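Spelled out from the first residue to the last, the chains are:
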Amino acid sequence: MNKAMSKVFIVSVVLFVALVVNLTWIMVVRAQWFQDRPQNKRSIAKEMKIKRGDIIGYDGSVIAGTERRSGYYYRDYPNGTLAPQLVGYDSIRYGRSGIEAQLNDELTGQSSDLGVQNWVDKLLGRRPKGANVKVTLVPAVQKVAQQQLQGQKGAIVLLDPKTGALIASASAPTYDPANLEDQWARLIKDTSAPLLNRPTQGLYVPGSAFKVVTASAGLDTGKVTPDTQFVDTGTYVVFGGKVTNYGGEVYGPNNFTYALTASINTTFAKVGNTLGRKRLIAGAQQYGFYQTPPLPLPAGEIVASGRYGKKGLLSPDAFMDPLDVAWAACGQEKLLATPLQMALVAGGVANGGRVMKPYYLQEIVTSEGQVVSKAQPEQWQVATKALTADQLNTMMQNVVNAGTGTAAALEGIQVAGKTGTAEKGDGTNLAWFIGFAPAEDPQVCIAVVIEDTQSTGGEAAAPLAAAVIKTALAQPALP
Amino acid sequence: MSRRNLELGFLVLAGAVSTMAYVSVYTGRFREINRISIIYGLVFVGIFVLLHLLERIFLPQADPFLLPITALLAAIGLTEIFRIKPSLALVQGQWLLVGAGLFVLTVLIVRDHMKLDRYRYLIGAVGLALLVATIVIGTTINGAKLWIHAFGFSIQPSEFAKLAIVIFLAGYLDDKKVMLSVPQRHVLGVPVPAFKYFGPLLVMWVLSLAMLVFMKDFGMALLFMSIFVGLMYMATARVVYVVAGAGLFAAAGAIAVYIVPHVQDRFEVWLNPWPYASTTGYQLLQSLFTIADGGVVGAGFGRGYLLFPDRTPVVPDLQTDFIFTAVANEMGLLGAAGIVLVYLLFVWRGFRIAVYAPDGFSKLLAAGLATAFAIQTFIIIGGVTRLIPLTGITLPFVSYGGSSITANLMLVALLLMVSNRTNIIRGGSDLERRKLAEKG
């Protein structure tokens, strides 16, 4: 009996030694590895002892400030919740998103390029002070964009086409980042996805709004001119299938300018097949499709536009038959685009064919008031020749003056744009408007998308664009 | 030095360590220091001084290590619970008082553990009844059915059933060990003892399986199976029981993984917690992060990051199943490994008592209790560190929980009684021998 008991004791010893070995493994060998896991939110609590830098709007008002409670700094939002999906949340339990995550090192003063004082603090082991981040969002415009979306699902993105500065980025439904802990369980279950940053993460069928891209490729390659004549019979038969017009309309003879004004599918399908798959897709790539737009956001919070298959973004070289090309030229088929990308399409046309790199970071100011980083507008893509951009500009003015986009027209300001209405097959539409203003010297470009609506892009999206553009152009200063 | 004076010395040592821990928590959260906390510490010291005095009178030759270890672990537990949620420490302190009362009653009523052997079937039946009652009228908390609500308290009967089953098995196996060691016939070349001796043990196996399926509790099932297999082996020295027991339990475990979703979740999370980081694997991963954060020396009692700013624990159930996580975070590897070694010291004393005991029943009783204690400790520390699948079971003396601390104090009382009897028979004074004889 004693021998057996000794053996059982030895087994116990072995088990306990295994515990100690495993503890050593976790607490010493792999300790840093565990610290570095993205699921590990423990460092957030330590960082919440640091006075976090403010996120400041373009007009100098505070979008996200801090409030100190029992030794920890919490975010507060003195001017209401502005662009919470882009600005992001900062939660001790659920981590961070958006700009809060992207610029965390700067906001917590841990970045290595925050000036001499910060560097000295670090050497002396002092708790760093966060730097303030000034963004290009203009609160007055952002507020109107959010109001316009209230009660609906969708997104509005407004940029300066000449610099790429993001002036407004609204996503609906929205949420309150101030009380995230209490809402989290509901928010992650909500099928209307309030946490999703629709302008950069929402992938939508672009519909007729994409016709700007098709037209651009057609004009740029010389395959069509604004005056090229077409005849619409209501149906374009191709490769064993057919392309029809929205609402079953028949337009008869039309030129290319009128085809964009009235959004004639059959004409764009024909142009698409004249271009062929390669030139059509290349035209889209010139506007930035198939690339993740270079707006600095955490991985997954900004996605590329293009043709999507079951496993995500398809290669630009993926096979398309002529019927696919015909529908893709009308913005259907497997095409998906983010509102940001569609705003950049309008911006490319507005800026004489050059798409600027989108950005939201105006400047970083250290706690000592030193500006350590300032926005430098850069060109991103050359989308078209200047002449093509001019022609498209005129054609898009026509859309607002005499076509599907009349609801976007403004008194005394020439707006140019293009509507889109993608039928979802369940009786609801996806309504689009993309455009820019003033057409002769564009200051802003915009994309509006409304989900689950009974109306068309001209009815549901164009008036919202008009309201936001009007507010933006009335601002004393834009980035 | 006499055993009791040695014990007193160790108790003073444990008291010194505990006081430092308390002071560290207080200074870490100085805003909360108050008179009640000090009275509290004095009550704690008082309890163990009384238990020590009780031993001086009734168990003069009992092992001098067990009570100081108990005091040290209970003090660390109370300190950590106080640090996590002060109001719970007050409740736990009351449970410690109840446990101490049961300790005293066990010593005074039982007097000599040899008496227990006479009532083994009754005790075994009570243990069985407790488990069956849990299955029938128990309440499910955190997916496992372990609690009975009665008289305004939540009782975890399996903690007490553990003691009853060990007493029963020690008596039963001591009686039948010869029969069980001699195979009556062979099945496929494997020696098998007669069914009538083997039968009750099959009942035990079915019981473990039932615990797994109905109580959905892998930990308790594993604990009971280990007690049972361990005692079978120690009684008969036949490895075949270990192999058969392990095989049967593995089979039962495999079945449970397939048919009990709660057990399945735990198993999947154990294999790979990362995909479940925000759902079923949240608790385990937060535990690992919290332990890893402890480093070599830890931040010190009251100084680790264990609570969110709203004072909820960073790991759900931190004060109960995950108390070791809290200790490891604040005391570091040195402290965590130290605690494991303190548990091992307890287990060593348990087996030492068993080896020196003069009779089979005493041997099996002490060894069974030591095995139960060792396995329970291993299951929960291994669980929160992802060495084995996580299962809700308390860390003896440290975890928050009334049933656990009272049952384990009774376990200590039983071990002390066995060691007292052994030491008196092996070298006590005539007076002590006479007293012992009177008890029986």
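Residues numbered from 1 in each chain as written. Chains lettered and ligands numbered in written order. Predicted model: local features only at pLDDT ≥ 70, side-chain atom pairs only at ≥ 80, totals over all residues. Heavy atoms only, no water.

## Here's the deal with the overall build of chain A
Selection criterion: Here a strand is any run of E in DSSP of at least two residues, a helix any run of H or I of at least four, and the numbering for each starts at the N terminus. Three labels apply to residues, based on accessible area from a 1.4 Å probe with only protein chains included: buried if under 20% of the type maximum, exposed if over 50%, partly exposed otherwise in between. We call two residues contacting when some pair of their heavy atoms lies within 4.5 Å. Just so you know, the count uses Lys and Arg for positive and Asp and Glu for negative, and it drops His and the chain ends. Taken as the charge centre is NZ of Lys, CZ of Arg, CG of Asp or CD of Glu, depending on the residue.
When its secondary structure is counted, chain A shows 18 helices and 22 strands. For chain A, the C-alpha atoms occupy an extent of roughly 100 × 65 × 35 Å along the three principal directions. The proportion of buried residues among the 479 residues of chain A is 57%. Within chain A, contacts between residues separated by at least 24 positions form 66% of all contacts whose residues are at least 6 apart in sequence. With 44 positive and 38 negative side-chain charges, chain A shows a separation of 9 Å between the mean positions of the two kinds.

## Notes on the sheet that holds strand β15 (residues 335-336) of chain A
Stated precisely, the cut-off is as follows: Here, strands pair whenever DSSP counts at least two bridges between them.
Spatial strand order, β14-β13-β15 (chain A): three strands in an open sheet with antiparallel pairing. In this open sheet, the two strands that pair with only one neighbour each are β14 (312-313) and β15 of chain A.

## A closer look at the interface of chain A and chain B
Put simply, the rule is: A 1.4 Å probe defines the accessible area here, and the buried area is the portion of it lost by two parts on being joined, summed over both. Salt-bridge detection follows one rule: a side-chain nitrogen of Lys or Arg within 4 Å of a carboxyl oxygen of Asp or Glu. Only Asp, Glu, Lys and Arg are considered charged in this grouping, and only Ala, Val, Leu, Ile, Met, Phe, Trp, Tyr, Cys and Pro are considered nonpolar; every other residue, Gly among them, is considered polar.
Counting from both sides, the interface comprises 34 residues of chain A and, opposite them, 52 residues of chain B. Interface area lost by chain A to chain B is led by F16(A), M27(A) and R42(A), which between them contribute 21%. Here chain A is connected to chain B by one salt bridge. Counting only elements with at least two residues in the side of chain A that touches chain B, the list comes to α1 (2-29), α2 (31-36), α3 (42-47) and β3 (72-76) of chain A. With 19 residues, α1(A) is the single largest residue contributor to the side of chain A that touches chain B. Tallied by class, residues from the side of chain A that touches chain B come to 22 nonpolar, seven polar and five charged.

## Structural notes on the side chain of T70(B)
All names here are of chain B. How we decide: Under this definition, polar contacts are N or O atom pairs within 3.5 Å; protein pairs additionally need one hydrogen-donor-capable and one acceptor-capable atom, and for neighbouring residues in sequence, both atoms have to be side-chain atoms.
Turning to its location among the elements, T70 is positioned in helix α3 (residues 66-84). On the basis of relative accessible area, T70 is assigned to the buried category, the value being 1%. Polar side-chain contacts of T70 include one of 2.7 Å to the backbone oxygen of L66. What T70 contacts, discounting residues up to four positions off in sequence, is F48, F346, F397, L409 and V412.

## Description of helix α9 (residues 180-189) of chain A
Residue and element names in this part refer to chain A. The test is simple: The directions considered for the arc are those from the helix axis to the C-beta atoms.
Within the span of α9, buried status applies to L180, Q183, W184 and L187. Buried residues of α9, seen end-on, are gathered within an arc of 140 degrees and therefore sit on one face of the element. Among the exposed residues of α9, those oriented more than 90 degrees off its buried face are D182 and K189. As for α9, its buried residues are in contact with β4 (90-91).

## As for the pairing of strand β9 (residues 229-232) of chain A
Residue and element names in this part refer to chain A. Of the two faces of β9, only one is covered, namely that formed by F230 and D232; the face formed by Q229 and V231 stays uncovered. Where β9 meets strand β12 (residues 252-255), four bridges bridge the pair, whose relative direction is antiparallel. Across the sheet, Q229 pairs through a bridge with N255, a residue of β12.

## A few points about the packing of helix α7 (residues 157-181) of chain B against helix α9 (residues 218-236) of chain B
Residues and elements named next belong to chain B. Applicable threshold: Whenever a helix is involved, its axis is fitted only over the stretch in contact; in every case the axis is a line through C-alpha atoms, and angles between N-to-C directions fall within 0 to 180 degrees. Roughly parallel means an angle under 35 degrees; roughly antiparallel, over 145; roughly perpendicular, 65 to 115; everything else is oblique. The sense of a crossing depends on the near helix, which, turned anticlockwise from the far helix by less than a right angle, makes the crossing left-handed and, turned clockwise, makes it right-handed.
Where α7 contacts α9, the two axes come as close as 8 Å, and the packing angle between them is 25 degrees. Judged on the interaxial angle alone, α9 and α7 are roughly parallel. For the element pair α7 and α9, the recorded crossing hand is right-handed. Contact with α7, carried on its side by S158, E159, A161, K162, I165, V166, L169, A170, L173, K177, L180 and S181, involves M220, L223, F224, I227, F228, L231, M232, A235 and T236 of α9 and no other residues of that element.

## Some points on the packing of aromatic side chains
Selection rule: Here a Phe, Tyr or Trp ring, Trp counted by its six-membered ring, pairs with any other such ring whose centre lies within 6.5 Å, and the pair is stacked when the planes are under 30 degrees apart, edge-to-face when over 60, and tilted otherwise. When the NZ atom of lysine or the CZ atom of arginine is within 6 Å of a ring's centre and also within 35 degrees of its normal, the charge is said to sit over that ring.
Counted under the stated rule, the structure contains 24 aromatic pairs over all chains. Their ring planes at 70 degrees and their centres at 6.4 Å tell us that Y251(A) and Y258(A) sit as a pair that is edge-to-face. Y251(A) gets classed as partly exposed once you look at its relative accessible area, which sits at 22%. Using a relative accessible area of 39% as the deciding quantity, one classes Y258(A) as partly exposed. Relative to F373(B), the ring of F346(B) has its centre 3.9 Å away and its plane inclined at 20 degrees; by these criteria the two rings are stacked. Taken as a pair, F346(B) in helix α13 (residues 323-356) and F373(B) in helix α14 (residues 360-384) lie far apart in primary sequence, 27 residues in all. The exposure class assigned to F373(B) is buried, which follows from its relative accessible area of 1%. Taken together through their ring pairs, the aromatic side chains of W33(A), F34(A), W274(B) and F289(B) make up a single cluster. A cation sits over an aromatic face here: R37(A) above W33(A), 4.1 Å from the ring centre. Just above the ring of Y74(A) sits the side chain of R69(A); from NZ or CZ to the centre is 4.0 Å.

## Regarding the sheet that holds strand β1 (residues 55-56) of chain A
The strands making up a sheet are joined through hydrogen bonds of the backbone, oriented either antiparallel or parallel. With mixed pairing, the six strands of this open sheet are ordered in space as β3-β2-β1-β6-β17-β18 (chain A). Each end of this open sheet is capped by a strand with a single partner; those strands are β3 and β18 (371-374) of chain A.

## Let's talk about the confidence of the model for chain A
When pLDDT is low, close inspection of the predicted coordinates is not appropriate. We count it as follows: Known as pLDDT, the predictor's confidence for each residue is given on a scale from 0 to 100.
Residues with a pLDDT of 70 or more make up 100% of chain A, whose mean pLDDT is 93. Averaged pLDDT values over the elements of chain A bottom out at 72 in helix α7 (residues 116-123) of chain A and peak at 98 in helix α15 (residues 339-350) of chain A.

## Brief notes about the pattern of salt bridges
All names here are of chain A. Here the structure, examined in full by the defined rule, presents 26 salt bridges over all chains. Two residues, R96 and E47, come together in a salt bridge whose shortest N-O distance is 2.9 Å. With R96 in strand β5 (residues 95-96) and E47 in helix α3, this pair connects stretches of sequence that are 49 residues apart. The same class applies to R96 and to E47, which are both buried. For D452, the salt bridge is made with K153, and the minimal N-O distance between the two is 2.9 Å. With a gap of 299 residues between them, D452 in strand β22 (residues 444-453) and K153 in strand β7 (residues 153-159) connect regions that are remote in the sequence. Judged by relative accessible area, K153 falls into the partly exposed class, the value being 26%.

## Remarks on empty space enclosed by the protein
Counted only if it meets this: Cavities and pockets were defined on a 1 Å grid built over protein atoms only: a cavity is a set of grid points that admits a 1.4 Å probe from which the probe cannot escape, a pocket is an open set flanked by protein on both sides within 12 Å along at least five of seven lines, and lining residues are those with an atom within 4 Å of any such point. Grid points are joined across faces, edges and corners, and a volume is the space filled by probe spheres set on the points.
Considering all chains together, one arrives at five cavities of 30 Å³ or more under this definition. The calculated volume of the largest cavity comes to roughly 70 Å³. The residue inventory of the lining of the largest cavity, partitioned by class, reads five nonpolar, one polar and three charged.

## A few points about the packing of helix α11 (residues 211-220) of chain A against helix α13 (residues 265-286) of chain A
All names here are of chain A. Two numbers describe how α11 lies on α13: the axes approach to 8 Å, and their chain directions differ by 80 degrees. In this view, α11 runs roughly perpendicular relative to α13, as classed from their interaxial angle. Mapping the contact onto sequence places K211, V213, T214, A215, A217, G218 and D220 in α11 and N265, F268, V271, L275, R279, L280, G283, A284 and Q286 in α13.

## Observations regarding a nonpolar patch on the surface
Here is the rule we go by: Each patch groups residues whose relative accessible area exceeds 30% and which form no salt bridge, using 9 Å between like charges and 5 Å between nonpolar side chains of Val, Leu, Ile, Met, Phe, Trp and Tyr. Note on areas: these come from Shrake-Rupley sampling with a 1.4 Å probe, and a residue is covered only by the protein chains present in the view.
A grouping of W25(A), V28(A), V29(A), V296(B), V297(B) and L334(B) is seen on the molecular surface, where their side chains present a nonpolar patch of about 560 Å² in accessible area. Considering every element that reaches the nonpolar patch, the biggest residue donor is α1(A), with three residues. Among the secondary structure elements, V28(A) is positioned in helix α1. Using a relative accessible area of 38% as the deciding quantity, one classes V28(A) as partly exposed.

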